[in-house]
Amino acid sequence: MESLEKMYIDGQWVSALAGKTRNIINPADGCVIATVVEGAAEDAQLAVAAAKRAFYEDGWMETPPVERARLMFALADALEQRTDKFAKLETLNNGKALREAECDVGDAAACFRYYAGLATKPHGQTYDVVDPMQTLVVREPIGVCGQIVPWNYPLLMAAWKLGPALAAGNTVIFKPSELTPLTAIKLFELIEAVGYPKGVANLVLGAGNTVGQEIAKNYDIDKVAFTGGTTTGRSIMMAATGNIKNISLELGGKSPNIIFADADFEAAVDWTLFAIFINQGEVCSAGSRLLIEESIHDEFIERLVERTKKIKVGPGLEEGVEMGPLISETHMNRVLDYVELGKKEGAKLMCGGQRILGDGLEKGYFVEPAIFTNTTPDMRIVQEEIFGPVLVVQKFKDEKEAIALANNTIYGLAGGVFTQDGAKGLRVIKKLRAGITWINAYNPTYNEAPWGGYKQSGIGRELGTFGFEEYTEVKQININLDPSPIGWFKN
């Protein structure tokens, strides 16, 4: 299926000004599945100019909400009608199991529908102040928005970014990961087909240190939204200071999943697997630190290891596969390096942690799901985000220690608690310094609810009304209902 895919700038499919290209790899077998143009700073600048003109001169900022909603409903319908095509392409490019990719397409379409509906809902406030004044607050689009997404959920992250930005009336320069641009390209084909005006939505392909850096620092971009690693997030914050642009950052995590002795045992084991091994562990909110009450530790680990060893790993398009390859050889080696580090630090590897080379998988980037016990809070594998199928286990004596261990991290993205004591569950969740939490579940995400973290896990929120408001400016309007002289000065 190898092909040459282009960027979408100002309503046209274009090559990179420098003429460069990049091969896109299927992580399941290392084969080239497409060739795409490789943009750079000058391509991003063209997209910014187009977006600025579309917003300020061509009238997009004044487009009625009902029209913005119509376009987005049409986009959602078009995407949903092509679920099979998008899911297979996502699996080929990212590696995830097909059933996960199918869920992602459905969630993306639902996200567009949610924001299409929200576009026409009331936004603003009125105040009864001192007569004869009337005060209003309205929400207006920010303007030109740069958006940068990672490779772990290419299509879904595109919907999370594009949905609220376009529904609120902004124009966009969108940059997918250079590793996984294929579903974004096809999504922009739909954006063109449903009739978005030229310059409103622009797709620029390329690397983070060129295109991403230009988006972060460009003075004509009013907002930058980024999902990815915390180190890169810091760089974007620094670049954004040039024109004090609005920023939203959804960054890393090392999230705790707390299992109390009174939890439903089998349910807790099942959700623990889902918390860490879904999407090969390449999830920012993954429950990558498992905290177990000591009285059930050994029994729980025995059962967890037993089930982990049965996870079917293979190419995402194969029937029955539950976990696919990691995104790239580079990332696979990074994860394997963390496994070796954990051994050197003194943790006990209970299962997995090896590259899978048999059964015809030697050309792909497959790693056995791994579990470490006998860890200590100071270990790097406990403190640093591995972003792969590696679970580290910590043991606690009581509720107080569980909370202390859970919060002992620079991150604050997510967290879970399993207990059949409802009061205890809520009590512990309220003390976790994290933005996304679950009780007796882990990982379900909803378009209606805000997504984001505390501490070094980011700034701002995505999804829900919170995500919509991130793409608006608040304006105060004061109206004098009796425009007579104020008489403050006598002469």
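Above this text you will find the structure in question.
For the structure given in this document, a descriptive report is provided here. All values reported here derive from a predicted model rather than from experimental measurement.

1. What about the overall build of the protein?
Then comes step 1: A count of helical and extended segments in the protein gives 15 helices and 23 strands.
Then comes step 2: In terms of overall size, the protein behaves like a compact globule, its C-alpha atoms giving a radius of gyration of 24 Å where 491 residues would be expected to give roughly 23 Å.
Then comes step 3: The principal-axis extents of the C-alpha atoms in the protein amount to approximately 85 × 55 × 40 Å.
Then comes step 4: The buried share of the protein, taken over its 491 residues, is 56%.
Then comes step 5: For the protein, long-range pairs separated by at least 24 residues make up 73% of all intrachain contacts whose partners lie at least 6 apart in sequence.
Then comes step 6: As displayed, the protein offers around 20500 Å² of accessible surface, 52% of which is attributable to carbon and sulfur atoms.
Then comes step 7: Positive and negative charge centroids in the protein, built from 49 and 63 side chains respectively, lie 3 Å apart.

2. Overview of the pairing of strand 17 (residues 390–396)
Then comes step 1: Where burial is concerned, most of strand 17 is hidden: six out of the seven residues are buried.
Then comes step 2: Note that strand 14 (residues 289–293) and strand 17 share five bridges and pair parallel. Among the inter-strand pairings, Arg-289 is bridged to a residue of strand 17, identified as Val-392.
Then comes step 3: Strand direction decides the pairing type here: strand 16 (residues 370–373) and strand 17, joined by three bridges, are parallel. Residue Ala-370 lies in a different strand from strand 17, and its bridge partner there is Val-390.

3. Focus on the state of the cysteines
As used here, a disulfide is simply a covalent bond connecting the sulfur atoms of two cysteines.
Then comes step 1: Enumeration according to the criterion identifies zero disulfides in this entry.
Then comes step 2: Free of any disulfide, Cys-145 has its nearest neighbouring cysteine sulfur in Cys-111, separated by 15 Å.
Then comes step 3: Judged by relative accessible area, Cys-145 falls into the buried class, the value being 0%.
Then comes step 4: Here Cys-284 is not disulfide-linked; the sulfur of Cys-111 is the nearest cysteine sulfur, at 15 Å.
Then comes step 5: On the basis of relative accessible area, Cys-284 is assigned to the buried category, the value being 13%.

4. Comments concerning the packing of helix 1 (residues 41–56) against helix 7 (residues 208–217)
Then comes step 1: Contact geometry of helix 1 with helix 7 gives a least axis separation of 8 Å together with a crossing angle of 35 degrees. Regarding helix 1 and helix 7, the two cross each other, and that crossing is right-handed. Where helix 1 approaches helix 7, its residues Ala-41, Ala-44 and Gln-45 are matched on the opposing element by Thr-210, Val-211 and Glu-214.

5. What to know about the pairing of strand 8 (residues 144–148)
Then comes step 1: Counting buried positions along strand 8 yields five of five residues, so the element is predominantly enclosed.
Then comes step 2: By the alternation rule, side chains of strand 8 split into Val-144, Gly-146 and Ile-148 and Cys-145 and Gln-147, which are all buried.
Then comes step 3: In terms of strand pairing, strand 8 meets strand 9 (residues 171–175) through five bridges, oriented parallel. Bridge pairing in strand 9 places Val-144 opposite Thr-171.
Then comes step 4: With helix 5 (residues 154–167) bridging strand 8 and its parallel neighbour strand 9, the resulting β-α-β unit is right-handed.
Then comes step 5: Direction of pairing for strand 8 relative to strand 11 (residues 223–227): parallel, over a ladder of four bridges. Residue pairing for strand 11: Cys-145 is matched across the bridge by Lys-223.

6. A closer look at the sheet that holds strand 7 (residues 133–141)
Then comes step 1: The strand order across the open sheet built from three strands is 6-7-23, with neighbouring strands paired in antiparallel fashion. Because the sheet does not close on itself, it has two edges, and the strands there are strand 6 (124–128) and strand 23 (472–480). Strand-to-strand twist of the sheet, defined as the mean angle between neighbouring strand axes without regard to direction, takes the value 15 degrees.

7. Observations regarding unusual backbone geometry
Then comes step 1: Going from Asp-131 to Pro-132, the amide bond is cis rather than trans, its omega being 5 degrees.
Then comes step 2: With respect to the helices, strands and loops of the structure, Pro-132 is situated in the loop between strand 6 and strand 7.
Then comes step 3: Positive phi, close to 55 degrees, is recorded for Asn-279, a residue that is not glycine.
Then comes step 4: Tracing the sequence through the fold places Asn-279 in the loop between helix 9 (265–277) and strand 14.

8. Some words on helix 14 (residues 422–431)
Then comes step 1: Every buried residue of helix 14 is accounted for by Lys-424, Gly-425, Val-428 and Ile-429. Burial along helix 14 is one-sided: seen end-on, the buried residues are contained in an arc of 130 degrees. Exposed residues lying more than 90 degrees from the buried face of helix 14 are Gly-422 and Lys-430.
Then comes step 2: Those residues of helix 14 that are buried lie in contact with strand 13 (256–259), helix 13 (399–406), strand 19 (414–418) and strand 20 (436–439).
Then comes step 3: The N-capping residue of helix 14, defined by a side-chain oxygen 3.1 Å from the backbone nitrogen of Ala-423, is Asp-421.

9. Overview of the environment of Gly-458
Then comes step 1: Structurally, the position occupied by Gly-458 is in strand 22 (residues 458–459).
Then comes step 2: Sequence separation between Gly-458 and Gly-124 is 334 residues, and the spatial gap between their C-alpha atoms is 26 Å.
Then comes step 3: The residues touching Gly-458, leaving out its near neighbours within four places in the chain, are Leu-249, Leu-251 and Gly-453.

10. Remarks on the environment of Val-144
Then comes step 1: Relative to the helices and strands, Val-144 resides in strand 8.
Then comes step 2: Since its relative accessible area comes to 0%, Val-144 is described here as buried.
Then comes step 3: C-alpha of Val-144 to C-alpha of Phe-86: the two residues are 58 residues apart in sequence and 28 Å apart in space.
Then comes step 4: Among residues more than four places away in sequence, those in contact with Val-144 are Ala-51, Lys-52, Thr-171, Ile-173, Asp-220, Ile-221, Asp-222 and Lys-223.

11. Some points on the packing of aromatic side chains
Then comes step 1: This model, assessed by the stated rule, comprises 12 aromatic pairs.
Then comes step 2: With 4.8 Å between their ring centres and 45 degrees between their planes, Tyr-8 and Trp-13 make a pair best called tilted.
Then comes step 3: Judged by its relative accessible area of 4%, Tyr-8 is buried.
Then comes step 4: A centroid spacing of 6.0 Å and a plane angle of 50 degrees characterise the contact between Trp-60 and Tyr-196, whose relative ring orientation is tilted. Note that Trp-60 is positioned in the loop between helix 1 and helix 2 (65–80) and Tyr-196 in the loop between helix 6 (182–194) and strand 10 (201–203), a separation of 136 residues in sequence.
Then comes step 5: By the ring-pair criterion, three or more aromatic residues cluster together here, those being Tyr-8, Trp-13, Phe-174 and Phe-188.
Then comes step 6: A cation over an aromatic ring shows up here: Lys-223 above the ring of Tyr-471, its NZ or CZ 4.9 Å from the ring centre.
Then comes step 7: Geometry around Phe-260 places Lys-424 over its ring, the cationic atom sitting 4.3 Å from the centre.

Definitions and limits used
Residues numbered from 1 in each chain as written. Predicted model: local features only at pLDDT ≥ 70, side-chain atom pairs only at ≥ 80, totals over all residues. Heavy atoms only, no water. Helix = DSSP H or I, 4+ residues; strand = E, 2+ residues; numbered from the N terminus. Rg over C-alpha atoms; globule rule 2.2 N^0.38 Å. Buried < 20%, exposed > 50% of the residue type's maximum accessible area, 1.4 Å probe, protein only. Contact = heavy atoms within 4.5 Å. Areas by Shrake-Rupley, 256 points an atom, 1.4 Å probe, with all protein chains shown as cover. Lys, Arg positive; Asp, Glu negative; His and termini not counted. Charge placed at Lys NZ, Arg CZ, Asp CG, Glu CD. Pairing = 2+ DSSP bridges. Disulfide = S-S within 2.5 Å. Axes fitted to C-alpha atoms, helices over the stretch in contact; angles between N-to-C directions. Left-handed = near helix turned anticlockwise from the far one by under 90°. Right-handed = clockwise from strand over helix to strand, strands pointing away. Arc of directions from axis to C-beta. Polar contact = N/O pair within 3.5 Å; in protein donor to acceptor, adjacent residues only side chain to side chain. Phe/Tyr/Trp six-rings, centres within 6.5 Å; stacked < 30°, edge-to-face > 60°. Lys NZ or Arg CZ within 6 Å of the ring centre and 35° of its normal.

This is a description of form; function is not addressed.
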